[in-house]
Structure formats: C-alpha cells, structure tokens
Amino acid sequence: MKRSTLIPFLYLIATLLLSITPLCINAQTYSITGVVTDSAKQPLHGASVTILNDRSLVIGYTSSNQYGNFKLPYFNKGVWINVSYVGFKSQKIKLDSSITHYNIHLVTETKILEDIVVKNRPSVKINGDTSTFLVRNFSTNEDRTIGDVLKRLPSLEIAEDGTIYHNGKKIENLYLEGDDVMDGRYGMATKVIKKELIKSVEIISHHQPIKVLKDKVFTDNVALNLVLQNENSLKLSGTSQIGIGAPNQIEACISPIILSKRLKLVSRAAYNNAGIDYSKDAKQLGNSNFIDNISSKKNRIDLSLNSVSPPDIPLNYYYFNKSSNISSNIVYKTKSDIQFKWNVNLYSDINRFNYNGQTLAYLANDTILYSDKQLVFNKPLVFNSAFNLMINKTQYFLNNSLKLSMSHDAYNGSIDFNRNSFEQLLNKNDKQISNDFNWMPSIKNKGIVEFRIYSSYGVNDQHLNVLKDYYFDITPQNGYYDTVKQSINYPTWFHNAYVSYKIPSEKVLQEYKFGYKYLKEELKSNLSIIKGGNFFPYLNDNGNNAFFTNSTAYFSAHYQIKKQKFRSDIQLPVSLQLVKSIQPFYSINKLNQSLLVLPNLNFTYNFDNEKYLEATYQLQNNFGDISSSYEGAILLNYRSLQSYSQMFQQQKVHKANLVYSHQKSIKLFYSNFGISYDYTIANTMLSDSFSNNINNSIFIPKPNSRRSVLLYSGLSQYIFDLKAKVGLKIQHQFSFTEQLVNNTLLGFQIRNLNFNISIDKNISKILNLNYNANLIWLYIKHSNMTNLQFPSTKSFLFDQKFKLSFNIFKHYSIETVGTHRINQSTAFSKTGFFFLDANIKRLQIRKGMDMELNCFNLFNVKNYSILQQNKNIISTNIFPTRGISLFLKFIYSF
Amino acid sequence: MKISAQFLAFLLFSNFIFSQDVVKLNVLYQFSYVRDLENKDVPYKNNMILSIGQGSSRYCTEKLFNDNDKKILEARKKEQERLMSMPLASIPTVAGGPMLTIGKSGPIVTEEIVKSSLSKKISIETILGLKSYHTETDLQEIEWAVFPEIKKIGNYDCQKAIGKFGGRTYEAWFTKEIPYQDGPWKLHGLPGLILEAHDTANEISFIFKEISKNDDPNIFTNSFFNSQFSIATNLEDLNIARKAFEVDPEGVMSAQAPNARLYIRNIDNPSDKAVQKIKKYNPMELK
C-alpha cells in the first residue's frame, strides 16, 4: 500500500472511531463553574456555554440559569470555553486547568446577528383579500361551463342547487365583471356561461360593496367575480342541452349569452316534460338587495280545488309536467357608473296532479268520513320583471328597484267526492307592483344613516266554479245545483318608510329606527248558486265588501352587547297602531288603537368554550288583517267554508326557550338539552261544524289559550374504534289547545315523541355511507271536559334513508339513494314504500359534449301515501308517482 | 439602586413570561413525516416556520404564519378600500360550513408550538377539524450527545448530536453560529440552533430551507391563537383526538358539526375530493 493512500485511510478510521464515540463521555468527575453577566454586572439567563476542542467543535455544553450561573463537567480535550448570548459579543476563553471558576462579562453588540444573511424571506404571498385564479390554469379539457371550472378551484364548491360555497361558507353573490347580472339568482349563470368567456375568477374576502360604508362596516362576506376574457367583445355564445328518456320524456334548452364591459346579457329558453322544475333555477342564491326584505308578510285567502297538501317527497317523483321557461337578464352600465338592470322571467306549465284520499273527522258522538279522488290539471303562466337603477359612489349610495309580476293560473279538476262525481274550475289572476328606494348618504362621524321607502300594490282575483252534481251541504240551501260559484277580488296597498341610524362598535352595537307602515286591504267576495240559468244568492250572509287599514308608527332600538363570557341581543320595538275595519254589509265600523311593546331578548352565558346556556324570550302580538276578519263566508274549496266573527283577531304569544349545550370536543362528544314553552292567548276561537259533505269553520269571539311545552335533546358521539359518527335526537312535545267542534267545546292534548338516529361512515376512499332513521309517535287525546265518549288517535311513522356514493373511475360518478317509509295509524291500514334512485355521470364523451344518465325509482313504485293527523281529523292520501324512468342527457356548448 | 436594577430585571423577565418577546429570526423548515406505515412513499409534508425570540419561540405551519403576517393584514385593509368600488351586494351574513384541508397524504394539521426556554414550558395549539385545542406542559429536556462530525447546511457549519425524544432517536445538526438553544417542533436544548433533524428510522425529518431576520420590533413570539376560543386539554387526550382526526378526518368533522355540509379542499389537486385513508397510523411520539 502506497503511503499516499494509507494516510487518508488511517484518517478515515480515526474519524470513524471518533464519530462512534460521543465526545462528552470523556467527562471527568470534577467540574467547571462560572457566572455570566452583562456589562452592568446583571446576570444573563439562558446564555450558551460550550466547551470546545482544538477543532472548535462542541464537546460539552450547558446554559446559564436565572442567576447567570453555570456548571459543566471537566473535559480532557477541552481547549476553549465559549459563552454566547444573542445581542452580546461571544467570548471565547482558553481553558486553564488551574482555574475552575470563570466570571464572564459579555459586552453588548449593536449589530445583532449581523452575520445572518437574509437569504430568502419565507415565501409570503401578499395578495390581500383577493385571490385570482386564471381559468386556463385551472380548467381541463373536460370542463364546459364556468361552473365546471369553479368546482376545480381550491376552496370552492358548488352544491346541487347551484349555491357556491367558499371554504364551506356560502358566497354572498356572483358577479360578472363586477355586475350582479342575475339579481342574485346566479344558479343559471354558472351552468350556461362557457369557460372560454372568462379569463379569471376572483375570490374576494371581506367584501363590502357599498362605498359609503367604507371603514364603517366590516363584513366577513366572500364574493366571487368573473373577469371577462374580452370585455369589448359583443360576440354571442352559450350552451345547449338535449335530453331524451323513457317513457316519453324530452328536455331541450338553449342559452344565448353576451358579456362585455358595458352590456351583459344572460338568457335561456327551455322546455321539458321530464319532471324538471325550472323554478329551482330561479332560486335566490345570492342577495339581490343588501338589506332585508321589508315588504309585508301576507296571509292570503286562497281558493283551491283540493283539500290536500302536496307530498313531502322531492317534486320530480310526482311532477307530471310540460314546462317552458324564457328568462333574460340584462345589465347596462354608463360611463359615469350608473347601472341599469332588467331581469325578466316568463314561465308556463301544464301539469297534472292526482290524489286519492280519505279523511276521518271525529265528532262528539259521530265520525264523518270524507273520501276524495281527484285529477287536477293546472296551467300556470307567470311573468316576473324587475328594473333596477343603482348609483354607488363615495358621496352617497342610491338604489331603486321596481318590480312587476303577473300571473294567471287555471285549474280544472274532475273529482269523486263521497261518491258524487263532478267537475270544478278555478281561475286565479294576480298582479303585483312594488318599488323599493334606498338612500345612504355619507356622513362624517362613525354612524350610518339610511333612508328607505317601499311601496307596493297588488290585486288578486279568484273564481271557483263547482259544477253539476256537487251537493251543497249548507242549510237552508242544501241540494244539487248546476254551479256553485265563489269569487273574490282582493286589492292590497302597502307602504313602509323608515330612517335608521346605526353605530357600529365591537362591544356594543346600537341601532335606532323610526318609521311608518301603512296597509290597506279591500275584499269583495260573492258566493252564489246557479240552477236552471237562475242565480240564487247565498242566504246566510251577503258576501263581503270589506275595507281594512292598519297604520303603524314604529320606533325600535336594538342593542348587541358583548362582555367577556356574556352576550346579549336586545330589541325593544315600540309601535302605535291604528286598525280600522269597515264592512258596510254588516254595519261594522270598528277602530282599534293600541300601543305595543314587543321585546325580543336573547342572553347567552359561556361557562367556558365547551359549555353555554342560552335564554330567549319573545313577546308577539299578532293582529289579523283582512284575511282573518271577513264576516261573509267564503267557500275555500268544495269541502270547506270559512268566516270570521265581528272582531279584530288578536293573538298574544309568549315564547321562552332555554338551551344548555355541553361538549367534550376532545372526546368528540356533543350534547344539548333544551326546553321551550309557548303560551298563546287568542280572542277568537275556531268553531268547526262538520256535516256529511262540508266543514264550516267560523272564528267566534271566545277568549282561549294554547300551551305547548317542548323538551328536546341531541347527543352525538364519534366512535373512535369504528370510525363512525352516531347521532341521536329525542324530542317530546306536549300541547294543549281548545276548539269548538259541532258546538261542543273540546280540548285536545297532543303528545308527540320523536327519535332520530343517524350514522355516518366512510367505508373506504371510494365508498361512503350515510344512514338516517326517524321514528315518530303522535298521540292525540281529547281532554275530558264533558262526559263525552271521544276516541283518541295514534299514529306511527318510521322513515329511513340511506345514501351510498361511489367514485370509481376518473370520469364516472355513481350515487344511490334509497328511501324507505312505514306509516301506521289507529284509523288506516299500514302503508309503506321504498324508493331507489341511481345517477351515473360520464364526462367528456366527445369534445364539447358530456353525458349524464339518471335512473329514477328503480323499483317502479307507483304510489306514495301520506298520513296526516291533526286534532280531531286524521287523513290518508295516495299520490301516483312517476314510475321507473331512465333519462339520458347530452350537453353541448358553442 | 439595587432594587431598581432588580425591578428592571423583573421587567425583562416578566416580558419573557408574558411572551412579549420580539422575533429575531424566522427559520423555514420542510417537515416530512411518514404518517402511514403502509404508504411510506407519500409522506405528510408541510412547511413549518420557527420564529425565535430571546427567550421563547413559536413553531407553526407556514400557512398559519402567512395568515397572521402583519404585512398581509395591512394589505388586507388596503384591499378593502379598493373593493369599495365593487357593486352593491348583501350585508346579511350567511351560515358557513366546515372545511377540511387535505393533501395527497391526507388531512393537513394546523399546529403551533410555543416553547419558552426561560419558564421551561411548552404550549401546543392544534386545530383538529373545527376545534382548536391547547395544552401546556413542562418543556421536556433532551439528553443530547454531541459528535465531532460537521457539515455545512446553508452557510452554517453544523455539528451533529444524537438525542432521544418521544420514543424515537433523533440525529440533529446544530450551528453554534446562531446561539439559540432551539429547534423545530419539540426539539431544543443544543448550544445552537438545530437546522436539520431526522429520526433514525427516517420517518420524521425537518430540513432547513431558509432563514430570515426580522427587523420589526412589533412582531412577537406570542401564540397566534386566542386561548379564549380554544379548548384546554391534556397531551394524552390531544394525541388520541389527533390520531382519530388524521385517520378519519371526515368522520371527526361531521361529529363536530352534525348536519353541516363538509367541504373538502385538496391543496395538491383541487379537483380530487377523496381523502387518502391512513391504514397503519404511525404516531410522531411513540410514547
């Protein structure tokens, strides 16, 4: 071996030996001590004290304690003692075997860590609140519409109904180049705008769109803005869709679009008979107006052909339709940023609705059975239009929206009622016009001032004709007639104006509002009977020619107070109300003046992060309007006649609720327990008279009360070993109410017990199971106020639902949903059904084209039945459903 | 005179206790961790930032650091002004849903560790799904043995040390050029900053990426979390919950927020919403 190779070899062995043996094992028993101080002789805590060898490698180390003292064992190979402390110059002292104690003074160093080179700042991307995604970077060839691209963006998700979520939070709105083109109904836009039109997607956090509110109101809202590829292009583009299915189903849709900086148009024309509901696309997903809706909540008098409510299953199971829809949304912006917007929507449909039902009405000494079997054809035609003007400047904010809607609804039905077959016709016309004006000037101080004026006018016209062979069962006119005719005409005026002043603050938020509301309603109604070409007026009353006004001046104060563990929300509205009712036919001219103080209080106390107690109290004082104060009877449908007594209907409701929530989130256990109590005092009581063919209900003056207690609890536990979540909810309600049934005062005790069990389990990466079961017992008992024999009724419902989703291949997704229900009651035989649906999607079959296959109702269930129980009435209804159907859809964009 | 000096010392010391400790350095590490022993090829990876002050440090995910960056918070305010030119929309708040952030190796865990070398305390803040948990324990001393091996990491001469922590043996590389007795995660106690560390099974590693100096005297090593909103727990329970979350994040989140729609965000591949399942969980601390 040559010398030149031997030396590195020996060196390597030496290094290896050294590496294996830690240096500090050479430590001896005696030690080195010392104290580290600064130039002011103050001790330094935490200074690094190291013993270095001849190569300046650390062989022993410690750090100084709070008195600056340190102690180190003695090292044979120790050559230096080094003391360093950030902000001070390091000291390196040669070890002297005769010295065992070192006093070390460190001198401050002005240039701290000077030698640390800023190589690269940690990669901080400063982009503020807006994240911009270039569409070309995020889209793939399979994507057609901007909706497909949005699904790919990190942090975004689109729900089935089209709602967009950002990080799980619903976005406030979707803008096209800064404009709310769709008036908040953006669901259609994401489906029809193709990705090539959009350059980038901006996700804007803390979105505060109103310039006047700048630096005053901070929001947590997230908005999405689609930036156009070419803002000067007026080119037309869009998507089209064709679907065919068995048996006899078709869908066709075309959506032309123009998007440019000044002018934007998003429109659609569509037709289907496949159970697709277009009203879903017109759903308000974002908010068209930034303030809450202040139009009046209307209780409408609604005539109808049937006496059943629609089934509680998705519409597409039983919707036999032929729907067409045309909608168009146009926005034009001037150079001075004045925005004009026009949204118009036209919808027409021909659908059929079919049911077969039985209703039992328990009376004091009798039971009446109504049996109904009806086929109804419905032809609605609806037109909605909104015109909006907006100026959003730093000096002021102004918005005015004018809305117009018109609808015509024609029904005709053929019915078998109590073995009588007859025809019915119903026509409804409705016109509504409203204007909402909003102005917010900019003011210097912290507060926000707002002016708002809302006005609306509407008229509703309804005509019900019950034709030949219908038995009119009202004394003294009982009998068969050619036509029984009910017509109502019902105009309404409503105005609401207010000024509000808000002072935002972190701890206490104050809001004051002063306003005036005015409601005016008129009701003309007429019930007449035709036989042999002759008109006979209804003999029991003269119909209605009623006038009703309600003027209210209101002042409300709203406070939100946060204080450590305590939070409260206090609303104290005070209003002065003047209600007038004039019914010349019945010589009624009444006036009621009242001062109402209706507090709404909420207090929450957080014991800690896992436990809180919340108490709520609310007082409501509901005054009826014309729909609950008409004297002349109105035939609502062939089976019910309704009227009100000479009185202002008034209901005082006290609502109290107490909830305690307790979690042990580290163990993934969650629970809440609550009790709520409602107490209602009403001045009128419902009096029902059931005869063999009709139910005549009158609200008569008789003070009465209703009580309801609800106990509820929810528990949820994640089972670590099974990796599954199990939830359990229990609810028990007890209520008491009184009413007159065929002139006998009856009290009803209603008990309701509800259990809900849910299980969520991820079986594997591709398979997910979700199971939910509901058990409901309902028990209605007559409380023994008289010595009557009165039956109690019971019903039971068991409902289970499961959902299995598979993601097997890249381009396929399969989802299966099953619903099973069993319904049982004392009166009717057991019913049940099992629905199973499957949906398969295949993306990218050809360039620009996708395919989707939907299979509905795989077990071909033909009927759906529902059981309803209410006080002394129990009913069952059977609805035919769309049988098994397969639907194949092709989507193409141009 | 003596009293006032003691008082000054007290002030200085109390500053450390209350963590008003100015950040001197930010060190970026790449953290890699074989969380699933059945899937060693795709370790969990995250960038972590250690912010060091005189007597304490904060170690957290880069995202958490960036989200709390002062410059970003300022930029956010400026952006707000620009946004005023946006059109009208709604003020009403909307209900949000929980978000689950995942990567190709499974759920991302947001974690923060504040170590105080003076008070010898370590406080851990972890977000598991929707909840944030904290626990504070004594800073565990690590018995390090130093070795004469050296290597250059970045521009720094580092020396090797071997120590045992949490049932694993770590090989760490520290530099006495940066005299902080600190390091990534729970590792600390060498006479210089630990720039690189990995366990002997090569399942966990911390690799130095960048270092930068902080000159802003108003940035402290304080926790980014407000302990008021976080749930106090102990280390044992936290580790059980952490395991449950890492193994079945969707299940844990839907247990935390029943009835809420869960939203999955995949930072590695946004269109893939399927969560990588962990078959054989490998905890960081074996005991």
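(A) Representation of the overall build of chain B in the model. Across its full length, chain B carries 5 helices and 15 strands. Expressed as a percentage of its 287 residues, the buried residues of chain B come to 43%. Across chain B, every contact between residues at least 6 apart in sequence was considered, and the portion connecting residues at least 24 apart equals 62%.

(B) Structural context of the overall build of chain A. Check the secondary structure of chain A and you find 4 helices and 47 strands. Within chain A, the fraction of its 894 residues that count as buried is 31%. Sequence-distant contacts, at least 24 apart, represent 65% of the contacts inside chain A between residues at least 6 apart.

(C) Broad picture of the environment of S240 of chain A. With respect to the secondary-structure elements, S240 of chain A resides in strand 15 (residues 237-246). Once the C-alpha coordinates of S240 of chain A and I254 of chain A are considered, the two residues, 14 residues apart in sequence, prove to be 4.4 Å apart.

(D) Expanded view of the pairing of strand 32 (residues 611-623) of chain A. Residue and element names in this part refer to chain A. Of the strand pairs in this sheet, strand 31 (residues 600-608) and strand 32 are connected by 8 bridges, and their pairing is antiparallel. Within strand 32, the residue paired with L601 across the bridge is Y617. If you look at the hairpin formed by strand 31 and strand 32, you'll find 2 residues sitting between the two strands. As judged from the 13 bridges shared by strand 32 and strand 35 (residues 650-664), these two strands associate in the antiparallel manner. From the neighbouring strand, N621 faces strand 35, where its bridge partner is K652.

(E) Expanded view of the nonpolar core. By size, the foremost hydrophobic cluster in this structure holds 57 residues, and its most contacted members are V27, Y29, A172, F174, I194 and L195 of chain B. Here the element with the most residues in this core is strand 1 (residues 25-33) of chain B; it accounts for 5 residues. Not counting chain neighbours up to four residues away, the residues in contact with F174 of chain B comprise C158, Q159, A161, L190, G192, L193, I194 and L195 of chain B. The next biggest cluster of nonpolar side chains, apart from the first, holds 33 residues, and it includes I164, M188, V192 and L259 of chain A.

(F) Structural detail: the environment of I102 of chain B. Relative to the helices and strands, I102 of chain B resides in strand 4 (residues 99-103). Sequence separation between I102 of chain B and Q276 of chain B is 174 residues, and the spatial gap between their C-alpha atoms is 8.4 Å.

(G) A look at the pairing of strand 17 (residues 263-272) of chain A. Residue and element names in this part refer to chain A. What you see with strand 17 is a clean split: K264, V266, R268, A270 and N272 sit on the buried side and L263, L265, S267, A269 and Y271 on the side with no burial. Two elements, strand 16 (residues 249-259) and strand 17, share 7 bridges in a ladder whose sense is antiparallel. Its bridge partner lying in strand 17, I258 is registered against L265. Between strand 16 and strand 17, which pair antiparallel and follow one another directly, the connecting turn spans 3 residues. Pairing of strand 17 with strand 18 (residues 323-333), which is carried by 10 bridges, proceeds in the antiparallel orientation.

(H) Seen up close, the sheet that holds strand 13 (residues 204-213) of chain B. All names here are of chain B. An order of 9-10-11-12-13-1-2-3-6-7-8-14 is seen for the 12 strands of this open sheet, with the pairing classed as mixed. Bordering the open sheet on either side are strand 9 (144-153) and strand 14 (231-232), each of which pairs with just one other strand. As paired elements, strand 7 (residues 121-128) and strand 8 (residues 131-138) share 8 bridges and run antiparallel to each other. Paired with I124 across the two strands is T135, which belongs to strand 8. Taken strand by strand, helix 4 (residues 235-247) contacts strand 7 and strand 8, and its axis lies near 30° from that of strand 7.

(I) Here's a closer look at helix 4 of chain B. Between its terminal C-alpha atoms helix 4 of chain B stretches 18 Å, which fits the 18 Å expected from 13 residues at 1.5 Å a residue. Along helix 4 of chain B, the positions that sit buried rather than exposed are A241, R242, A244, F245, E246 and V247 of chain B. Each element contacted by the buried residues of helix 4 of chain B is listed here: strand 37 (695-719) of chain A together with strand 5 (106-107), strand 7 and helix 5 (249-256) of chain B.

Here is what the cut-offs are and how they apply
Residues numbered from 1 in each chain as written. Chains lettered and ligands numbered in written order. Predicted model: local features only at pLDDT ≥ 70, side-chain atom pairs only at ≥ 80, totals over all residues. Helix = DSSP H or I, 4+ residues; strand = E, 2+ residues; numbered from the N terminus. Buried ≥ 20, exposed ≤ 12 C-beta atoms within 10 Å, placed from the backbone. Contact = placed C-beta atoms within 7 Å. Pairing = 2+ DSSP bridges. Core = buried A, V, L, I, M, F, W, Y, C linked by C-beta atoms within 7 Å. Axes fitted to C-alpha atoms, helices over the stretch in contact; angles between N-to-C directions. Expected span 1.5 Å × (residues − 1).

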